[in-house]
Structure formats: structure tokens, C-alpha cells
Amino acid sequence: MKKIITIAAILVLIGASCRKQADYMPYIGENGELAYSTYAEQFDYLWKVLNSGYVFWDVDTTDWDAAYSRYYPKFQELDKQYEEVGYVKTEDLQKLYTSIIGGLRDHHLTFRVKNLHPAPDDMYTTVVVTPYNLEIPTRDYYFESAYEESAGLQVFLQNIESQYTVEVHEECTGYAPELGMEIKYHYILFRLPDGRKVPYLWQSSAGITPVMLQNGVAAQLLDHYFRAITETPHEQLAGIILDNRCNRGGYQDDLDYLIGNYLNERTEIMKTRYKEGPGRLEHSVWTPYYIEPNKKYHRDITAENIPYVILCDINSVSMGELEPMTIKAVLPTSHTIGERTHGGTGPLQPAECIDLNYGGPFGSSNLSEGHYVYTSSFEAQISGKVWEGIGHTPDDIILRKDYNGDFKPQLDAAFRYIQNR
């Protein structure tokens, strides 16, 4: 994550008469101290930290003050219940926190809290609320498949040579140490009926930057893809396809390749800002995020009018959807196809950088403090709008729900666009 410098901020403190103490508290980030011993104190503490550190209060429509007024007495009732019977069922605690947290707009947010006094027969003792898991199934194009989406797409790609003309097909797995995860790649060089070429890349996550630095097999695959784009003569290059379906996100610096390869000058692709104080709307100013031209794989696809198609779907998350959004905003020959994406556009920063701003994750990931809330560190603005909880709507909407989960129609649409353009 590139450093953001604060120039100014606006402080707005919103009060509620039913709370005698301040509505905010010092933002302690990850690994703070356990700050409660009762259910009411737990709710009060978590409410206040989110009140201070949640970055989306300017666009989130949740009435956070009303949530406190309505639910604080319910947590007091839980404390009375514990005094009477010696436990509180985790299921009941789950229902309360789902009602409070479930409607928040942050589609990165995962809220986890331990039940202070679970019932002896509770099957689980930790409450988990993820707003995106509640919102996404309500979309009319949601498809509940019988298989893991990324695995289904990989099977399709492995069998792709029986359906299309393929000159080159390389697949491998790279490793991104900072993400602690493996990233799967497919590079395919397609040949159209007229003989022209279409370089294609699918990536399970956004990890080009660290993978290229390792200079292993995955780096060679990526090099082959970028060189196919760079070195194929103009009359033979029909277009480019970047497949971000089922892409779970990763590195923002990957845009140095996916956009920077095709730029002639330093270009702003979005703006970001963060919380710099406890006030609900105490943000930093919007700071431009720029991409520099990448000379190693440079090609002016705008001047050559080469179509750049990006495939995305409901499972394109975080950088998996920021990539099509920013590419579309910056490169005139780009075109997106597929489904409206996940909606988790707020960038995150590493835990060791939490002291750089007033928001982001807090608690302990192992729940040693009783809670862990994973939430966006920054708010992103692309083309003048914050798309958190909304995602990117493609130029051409091709829904897998209409094809019983088949991945092929979206790729067919990409080839049609390239050939008919």
C-alpha cells in the first residue's frame, strides 16, 4: 500500500443522549486490551470502536445511534439472564449481533466475538457476522452452485482446448509470501478463425508483483502473457483478455502491470482516504493514487485501438474487482463482461501499519481479547464515486445463473466483442 499523506480533515462528532460517556475511544488497532466483562460492556466497547474507526460512515445508511439505543438494553437483559441461569446461548447472541452488524456496507468486514458465558450444550461459542454473506445471496443474479466456484472455473480452463483453438496453454501455481497464499494462473494464447491471436490470463488472486519478484515458473508464465501482448505484431493481435472471475483480491501494486503496461504517462486511477481521528466523519482528504508507465512490457493499446476485455463475476472481490473498475476508468479500449462484482472495494493495510491511521482491523485474530473485527482501512473513490457494497457493473452483463453455472458464455461474449469491434 502506497503511503497517503494527510493535508486536512473535518471533525464531526455525533452524540446520543442515552450515552453518558464519549461516543468514541482511542483507536487501539489490533492486539489491544480486553475492555469488558459483561455483555453490555462488550457491546458498548465494540460499538464505540466501530463508531470511531469504521471508514464508511459517509456512505453507510445504518443509523448507528439508533442501533445503540435499541440494542444496549437487550445486552443488559443478557447480563440479567446470566445472573439468573449462569449462561447465555450463543445462538441468541448471534441473532443480536447479526441484526446490528449485518447491514453495514463494508464488504470486507468480518465481525467475530466470543460469547462470555456460553451454554454448556452450545455447538459453537463464537459469533461471526459477515455483511457480504448476508447481502450477496439477495441479489437476483446470485447462483448457488454445487461446487466451489474457483475449482469449477479451473476445470473449465483445463478442458478449454476442446472448445477453442489454442496455440499455447500454460498453468501453474505461484506463491505470494505477504499474502500467505498460493495463486493459480492460466495463460492461454488463443487463435481466432482469421488467424489473429488473443492472449488470455486467469489469476485466482492479485499477486503479480510478488510472484514476478520470485522469478519462478509462475513469473515465467506471466512474462509469456505480457510478452505475447507486447511483441505480437499489430495485424496479428486481435485483443487481450484478463479473466478476474473468482479472483479473491490481493496486491494493489499489480495495477503497475495491468494498467501501467499500457500507459504513456503517469496517470491517476483512483482516490483514497482514511480515518485520521475519532469523529465519525473525521477523514483525511482524498489523495490521488497514480500509476507510472511500465516500460518493460509497454504497448500503447489505446493508440493501436486494441480491445482489452476484463471478465468479472459476483466472486470477483477486492483487487479482483478494483482491477476491472480502474482499467475501465483509465483505458479507453477496455471493456468489461460478466456479472456485478462483490462490492469490497475498500483497500486494507497490513496489521503492522495500523498506527498510520485511525481505522482498520482491531482486536486479536486468535480472539485472545474476546473479539476480532476485520474491516477496511481505506475508502476508495473511482470515477467520482465510492462503490463499496455495490461493486462494478460490467458493460455487457452475462449471468452464469442463466446458464446453470456455465463459465463458457462469458468467454464466448469476450471473443464476440473482440471479433465484432
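Described in the following lines is the structure provided in the data block. (Residues numbered from 1 in each chain as written. Predicted model: local features only at pLDDT ≥ 70, side-chain atom pairs only at ≥ 80, totals over all residues. Heavy atoms only, no water.)

Comments concerning the packing of helix H1 (residues 39-53) against helix H2 (residues 64-85)
Turning to step 1, where the next piece is worked out: It is the contact of H1 with H2, at a shortest axis distance of 7 Å, that shows an interaxial angle of 155 degrees. Our classification of the angle between H1 and H2 gives roughly antiparallel. Where H1 approaches H2, its residues Tyr39, Ala40, Phe43, Asp44, Trp47, Leu50 and Asn51 are matched on the opposing element by Trp64, Asp65, Ala67, Tyr68, Tyr71, Tyr72, Phe75, Gln76, Leu78, Asp79 and Tyr82.
Turning to step 2, where the next piece is worked out: Taken together, the residues that form the contact of H1 with H2 break down as 13 nonpolar, 2 polar and 3 charged. (Axes fitted to C-alpha atoms, helices over the stretch in contact; angles between N-to-C directions. Helix = DSSP H or I, 4+ residues; strand = E, 2+ residues; numbered from the N terminus. Parallel < 35°, antiparallel > 145°, perpendicular 65-115°, else oblique. Contact = heavy atoms within 4.5 Å. Nonpolar A, V, L, I, M, F, W, Y, C, P; charged D, E, K, R; others polar.)

Regarding unusual backbone geometry
Leave glycine aside and you will find that most residues have negative phi; peptide bonds, for their part, are mostly trans.
Turning to step 1, where the next piece is worked out: A positive phi angle, close to 55 degrees, is found at Asn215, a residue other than glycine.
Turning to step 2, where the next piece is worked out: Inspection of the secondary structure puts Asn215 in the loop between helix H6 (208-214) and helix H7 (217-231).
Turning to step 3, where the next piece is worked out: Positive phi is not limited to glycine here, since Cys246 has a value of about 60 degrees.
Turning to step 4, where the next piece is worked out: Residue Cys246 is classed as buried on the basis of its relative accessible area of 2%. (Buried < 20%, exposed > 50% of the residue type's maximum accessible area, 1.4 Å probe, protein only.)

Brief notes about the pattern of salt bridges
Side chains that differ in charge, positive against negative, can pair when their charged atoms come close.
Turning to step 1, where the next piece is worked out: All chains considered together, the criterion is met by 22 salt bridges.
Turning to step 2, where the next piece is worked out: Glu91 is the partner of Lys95 in a salt bridge, and the nearest nitrogen-oxygen pair spans 3.8 Å. In this pair, Lys95 and Glu91 are both assigned in helix H3 (residues 90-101), 4 residues apart and thus about one turn of the helix distant.
Turning to step 3, where the next piece is worked out: Taking relative accessible area as the criterion, Glu91 reaches 41% and is therefore assigned partly exposed. (Salt bridge = Lys/Arg side-chain N within 4 Å of Asp/Glu carboxyl O.)

Quick look at the packing of aromatic side chains
The relative placement of two aromatic rings is captured by the distance of their centres and the angle of their planes.
Turning to step 1, where the next piece is worked out: In the structure shown here, the tally under the stated rule is 23 aromatic pairs.
Turning to step 2, where the next piece is worked out: Here the aromatic rings of Tyr68 and Tyr72 are separated by 5.2 Å at their centres, their planes lie at 10 degrees, and the arrangement is stacked. Here Tyr72 and Tyr68 lie together in helix H2, a separation of 4 residues that amounts to about one turn.
Turning to step 3, where the next piece is worked out: Residues Tyr262 and Tyr308 carry aromatic rings whose centres are separated by 5.3 Å and whose planes lie at 70 degrees to one another, so their mutual orientation is edge-to-face. Here Tyr262, found in the loop between helix H8 (255-258) and strand S7 (267-273), pairs with Tyr308, found in strand S9 (residues 308-312); they are 46 residues apart in sequence, far enough to count as distant.
Turning to step 4, where the next piece is worked out: Residue Tyr262 is classed as buried on the basis of its relative accessible area, which comes to 3%.
Turning to step 5, where the next piece is worked out: We classify Tyr308 as buried; its relative accessible area is 0%.
Turning to step 6, where the next piece is worked out: Through pairs of rings, three or more aromatic residues link up here, namely Phe43, Trp47, Tyr54, Phe56, Trp57, Trp64, Tyr68, Tyr72, Phe75, Tyr97 and Phe111.
Turning to step 7, where the next piece is worked out: Here Arg266 stacks its cationic end above the ring of Tyr290, 3.8 Å away from the centre of that ring.
Turning to step 8, where the next piece is worked out: It is Arg280 that lies over the ring of Trp57; its NZ or CZ is 5.6 Å from the centre. (Phe/Tyr/Trp six-rings, centres within 6.5 Å; stacked < 30°, edge-to-face > 60°. Lys NZ or Arg CZ within 6 Å of the ring centre and 35° of its normal.)

With respect to the side chain of Asp313
Turning to step 1, where the next piece is worked out: The topology assignment puts Asp313 in the loop between S9 and helix H9 (319-330).
Turning to step 2, where the next piece is worked out: Beyond its immediate sequence surroundings of up to four residues, Asp313 is in contact with Arg245, Cys246, Glu339, Arg340, Thr341, His342, Arg400 and Phe407.

Looking at H3
Turning to step 1, where the next piece is worked out: Taking 1.5 Å of rise per residue, the 12 residues of H3 would be expected to cover 16 Å, and the 16 Å separating its terminal C-alpha atoms lies within 8% of that figure.
Turning to step 2, where the next piece is worked out: Considered for burial, the residues of H3 that qualify are Thr90, Leu93, Gln94, Leu96, Tyr97, Ile100 and Ile101. Projected down its long axis, H3 carries its buried residues within an arc of 165 degrees, all on one side. (Expected span 1.5 Å × (residues − 1). Arc of directions from axis to C-beta.)

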